[in-house]
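# Results of the structural survey
Here are the chains, one letter per residue:
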Amino acid sequence: MTIKFSTTKEFSAFLSKEFNNSCDLKFETLLNDILVIVYLETVVNNQQVEAEIIGKLKTLGTERNFERRAHALTWDLVNSLIPLKEKSALTEVDELITELVNGKAIIFIAGNPTVYSFNTRGVVQRQLKEPAIERTVRGPQVSFNETIRDNLALIRQGIKSADLVLQNTVAGTRSNTEIIICYLESLVNRQVVAAVQQRLAAFEIDGIIDSGYVEQLISDNPYSVFPLTQSTERPDKAIMALLEGRVVILVDGSPQAIIVPVTLNELYQSPEDYYFGLWVGSFLRFFRIFGNNLAVALPGLYVALVGVNPELLPIRFALSISGSRAGVAVPLIIEILGMEIVIEVFREASLRLPNSLSQTLGVAAGVILGTAAIISGMVSTSTVVVVVITAIASFSGPDYSISLTWRILKFILIIAAAFLGLYGLTIAGIIILTNAVCQNSFGIPYLAPWSPINFRGLTDTVMRRPLWLRRRLATYHPTDKLRFQKRSKRD
Amino acid sequence: MSNNPDGNPNQPFISTSVLVALLLVNLLGFDFLNEIREAAQSSGASGYWTIVVAFVLFIPVFYLIGAFQSRFPGKNLFEVAQLAIGQPLATIGNIVFLLIFIGWLIVAIGDLTDLVLNYLLNQTPLWVVLLAILIGIGYLALQGLVGVSRLASFILIPTLLIRILMQLFALQNISLTHLLPFVSSEPIDYLIGGLKIANVFLPLITLFLFCHYVEEPQKI
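Residues numbered from 1 in each chain as written. Chains lettered and ligands numbered in written order. Predicted model: local features only at pLDDT ≥ 70, side-chain atom pairs only at ≥ 80, totals over all residues. Heavy atoms only, no water.

Next up on the list: the interface of chain A and chain B. Interfaces are often described in size by the accessible area the parts lose on coming together. Each partner contributes to the interface: chain A provides 35 residues, whereas chain B provides 33 residues. Three residues, A:Leu420, A:Tyr423 and A:Ile453, lead the burial of chain A against chain B; their summed loss comes to 21% of the area buried on that side. The interface formed by chain A and chain B contains zero salt bridges. Applying the counting criterion to the chain A and chain B interface returns ten residue pairs in polar contact (both at pLDDT 80 or more). (Contact = heavy atoms within 4.5 Å. Buried area = accessible area lost by both parts, 1.4 Å probe. Salt bridge = Lys/Arg side-chain N within 4 Å of Asp/Glu carboxyl O. Polar contact = N/O pair within 3.5 Å; in protein donor to acceptor, adjacent residues only side chain to side chain.)

Further remarks concern the pairing of strand β1 (residues 25–30) of chain A. All names here are of chain A. Relative to strand β2 (residues 35–40), β1 runs antiparallel, the two being bridged by six bridges. Its bridge partner lying in β2, Leu30 is registered against Leu35. Following β1, the chain reverses through four residues before pairing antiparallel with β2; Leu31 in that reversal takes a positive phi of roughly 55°. (Pairing = 2+ DSSP bridges. Helix = DSSP H or I, 4+ residues; strand = E, 2+ residues; numbered from the N terminus.)

Turning our eyes to something else, we now look at the sheet that holds strand β10 (residues 257–260) of chain A. Residues and elements named next belong to chain A. Taken in spatial order, the five strands make up an open sheet running β6-β7-β9-β10-β8, and their pairing is antiparallel. The outermost strands of the open sheet, each flanked by one partner alone, are β6 (164–171) and β8 (230–232). Between one strand axis and the next, the sheet turns through 25° on average, direction left out of account. Here strand β9 (residues 247–251) pairs with β10 via three bridges, running antiparallel. Pairing of Ile249 across the sheet is with Ile258, part of β10. Relative to the sheet, helix α8 (residues 235–243) contacts β6, β7 (177–184), β8, β9 and β10, its axis offset from that of β7 by approximately 50°. (Axes fitted to C-alpha atoms, helices over the stretch in contact; angles between N-to-C directions.)

Residues and elements named next belong to chain B. Confidence in the prediction for chain B averages 78 pLDDT; 80% of positions are at 70 or higher. Within chain B, no element has a lower average pLDDT than helix α8 (residues 176–179), which sits at 66, and none a higher one than helix α6 (residues 126–142), at 91. Reported confidence for the predicted complex is 0.76 by ipTM and 0.80 by pTM. (pLDDT = per-residue confidence, 0-100.)

Moving on: the packing of helix α5 (residues 148–158) of chain A against α8(A). Residues and elements named next belong to chain A. For the pair α5 and α8, the least separation of the axes is 9 Å and the interaxial angle reads 55°. Accordingly, the angle class assigned to the pair α5 and α8 is oblique. Where α5 crosses over α8, the two elements pack in a sense that is right-handed. Contacts from Leu154, Ile155 and Gly158 of α5 reach α8 at Pro235, Ala238, Ile239 and Leu242. For the contact of α5 with α8, the per-class residue count stands at six nonpolar, one polar and no charged. (Parallel < 35°, antiparallel > 145°, perpendicular 65-115°, else oblique. Left-handed = near helix turned anticlockwise from the far one by under 90°. Nonpolar A, V, L, I, M, F, W, Y, C, P; charged D, E, K, R; others polar.)

This part is about the sheet that holds β2(A). Residues and elements named next belong to chain A. Read from one edge of the open sheet, five strands run β1-β2-β4-β5-β3, paired in antiparallel fashion. Every other strand in the sheet has two partners, leaving β1 and β3 (87–90) as the edge strands with one partner each. Averaged over all pairs of adjacent strands, the angle between strand axes in this sheet comes to 20°, irrespective of strand direction. Sheet analysis places β3 next to strand β5 (residues 115–119), joined by four bridges and oriented antiparallel. Residue Lys87 lies in a different strand from β5, and its bridge partner there is Phe118. Running at roughly 140° to strand β4 (residues 104–109), helix α4 (residues 93–101) makes contact with β1, β2, β3, β4 and β5 of the sheet.

Residue and element names in this part refer to chain A. Contact geometry for helix α10 (residues 278–308) and helix α12 (residues 332–352): axes closest at 10 Å, N-to-C directions at 160°. Classed by the angle they form, the pair α10 and α12 counts as roughly antiparallel. Crossing of α10 against α12: the hand is right-handed. Of the residues in α12, those in contact with Pro299, Tyr302, Val303, Val306 and Gly307 of α10 are Leu332, Ile336 and Glu340. When its residues are assigned to classes, the contact of α10 with α12 shows six nonpolar, one polar and one charged.

This part is about the packing of aromatic side chains. Remark: the centre distance and the inter-plane angle together describe each pair of aromatic rings, the angle taken between the planes. Residues and elements named next belong to chain A. Inspection of the entire model under this criterion finds 15 aromatic pairs over all chains. When the centroid spacing of 5.6 Å and the interplanar angle of 80° are considered together, the rings of Phe226 and Trp406 count as edge-to-face. Linking Phe226 in the loop between α7 (211–218) and β8 with Trp406 in helix α15 (residues 400–437), this pair joins segments that are 180 residues apart in sequence. According to the relative accessible area criterion, Phe226 is buried, its value standing at 4%. An aromatic cluster is present here, built from Phe5, Phe11, Phe14 and Phe108 joined pairwise through their rings. (Phe/Tyr/Trp six-rings, centres within 6.5 Å; stacked < 30°, edge-to-face > 60°. Buried < 20%, exposed > 50% of the residue type's maximum accessible area, 1.4 Å probe, protein only.)

With that out of the way, let us pick up a nonpolar patch on the surface. All names here are of chain B. A cluster of nonpolar side chains, Tyr48, Trp49, Val52, Phe55, Val56 and Ile59, forms an exposed patch at the surface whose accessible area comes to about 500 Å². With respect to the helices and strands, Ile59 occurs in helix α3 (residues 48–71). Using a relative accessible area of 41% as the deciding quantity, one classes Ile59 as partly exposed. (Patch = residues over 30% accessible without salt bridge, like charges linked within 9 Å, V, L, I, M, F, W, Y side chains within 5 Å. Areas by Shrake-Rupley, 256 points an atom, 1.4 Å probe, with all protein chains shown as cover.)

Any empty space left between atoms is shown by rolling a water-sized probe over those atoms. Residues and elements named next belong to chain A. This model, assessed by the stated rule, comprises two cavities of 30 Å³ or more. Space inside the second largest cavity adds up to approximately 40 Å³. The element contributing the most residues to the lining of the second largest cavity is α15, with four residues. (1 Å grid on protein atoms, 1.4 Å probe; cavity = no way out; pocket = protein on both sides within 12 Å on 5 of 7 lines; lining within 4 Å. Points joined across faces, edges and corners; volume = space filled by probe spheres on them.)

If you look at the biggest cluster of nonpolar residues, it comprises 45 residues, and the most contacted ones within it are A:Phe226, A:Leu264, A:Ile402, A:Trp406 and A:Tyr446. If you list the elements that add at least two residues to this core, you get α10, α11 (315–324), α12, α14 (381–393) and α15 of chain A together with α7 (144–170) of chain B. (Core = buried A, V, L, I, M, F, W, Y, C linked by side-chain atoms within 4.5 Å.)

Let us now look at α12(A). Residue and element names in this part refer to chain A. Its 21 residues place the ends of α12 31 Å apart at the C-alpha level, agreeing with the 30 Å of an ideal helix rising 1.5 Å per residue. Taken as a whole, α12 has its buried residues at Leu332, Glu335, Ile336, Met339, Glu340, Ile343, Glu344 and Arg347. Summarising the axial view, the buried residues of α12 lie within an arc of 165°, below the 170-degree limit, and thus occupy one face. Of the surrounding secondary structure, the elements contacted by the buried residues of α12 are α10, α14 and α15. (Expected span 1.5 Å × (residues − 1). Arc of directions from axis to C-beta.)

Here it is as structure tokens:
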């Protein structure tokens, strides 16, 4: 629908109706109803609108003989008065509404088929803060926030190159959420970019509230328990991903960027691995992976070895554990499942508790309840040790999504181990592994470089890869394979 | 694997490296404890020669596989049979082959089930153990060739490490004198031993079954 309004009253009435008389839609009529300024006061910078649009245009009205030359009010005159650079001319009503909800101020001159929008966006935003989830000892201590422009600025600061491509799109028929795809033109696998664009265009949803929505909608397999995209709150991680030839997706209103494609191996890597030296980085990564494996397998292994196949344990160890369980009234499976469920409840509760209380209550719950449970004969000391090690080890990985996945799968392993011991654990493990190896993330096998085996890729798995290796890893099929070269002394 | 971002994960194409992994895992994983016992029983301390004999016995099979592959490129065992000996005979031959193959799998599953029942779950009913393994195999089969070969590729290195460790632990009481009698048994014993453990190379038939699914390496 084109803009065809002869008077400012008609124009204002139309917009009021479109916005259902919304209380934040403001109209400022000037120059004897010749001109109207429209904006949504909740999404604009009100001071800017007042000073740089309304204030400037009011100066026209102070001229005594203006009414006599009202016909002389032209866009050139209006534009010359308003100092804002970012503006656009609109002729369609749909465009006009989109601009309004995006924080633009609209100027309409009676009878004119074109309106102008000026960028006066002023969103509620929080300051850049330290990462809350992906914390590191070394490296940048800043995380993304909910404002997409701030997040883009953080990425631009990291990659000061014209090679960085930013493509924007809008998703959400009602939320009109801006989504920006970032990649390095000379590095990225074009097939991945095309797949991202295609998948983003393939759905229609009423609203996108967080990047988590987009993750699920563009995933290769939304029913998979494994995270097939990577989310991060760290700009340095996003920049590293871009330098590997991957694609970063930013969603307005979300402090988490999405990185695709991803492999399981990638989810165990922290930027910190590369900030420390080769051996320290590798040491940290090794124990991170070890901790995560412990968190997944330990309860199942404990149930299998203590509950079903104790003959496989050294005799003294088996007797010691049996001794600790002597007074426990419930079967081992009930004991460990009960403890794991309680730990999950504690974990969720501690997230909702105020910061000042959570630590104190956590210690109180852990120490008092743990001791009481042992004394009352509800659980054994060895079970408490296993459950606590599992709970702590589950936080050793840098990616929260994959630790959630393992937390779910851990229960399957416990149940399989309770029924069939080591044999059940093996069968369940094979089924889980088979499911994992069959996943793909934007065409990249999820368990690469382990499966299919890529020996060069294996140099960056349990151990960290030296920075000074010449070639970039081929896992994500980057188009530019050269990553590092020594300058000759003459240079 | 295909690098098509929207490719079907179950497309019947695997890379050469994955095929090699599949073969190695088959060879490493198949009945490896039993074969060593058989070798020692038939040829004593120098039973390791039976593995060489078994390999020699399998050379004609490998030659046949190679010859058929070069004569009928891109064809699997069943298709080759149809082209080589005609439809009616090939149908019978393929059914016989499948029956033997399935029989061999049943024996392998039976061995595994016995092992589990004897050493791990001696109070568990047989049908439960069988059901569990069939669920595992069924799920694996549902994922198709890509799933199976990727799993093989993933477990190759751990399997290899475990195998090496087992061999090292098994060698802890060995002395040089155990290895010195290079030919301590009669030649006929080596032949019988070789025949007994020849099935350790049977997984190499996989090469023939899956070779035509190998995808040419893609360049970007």
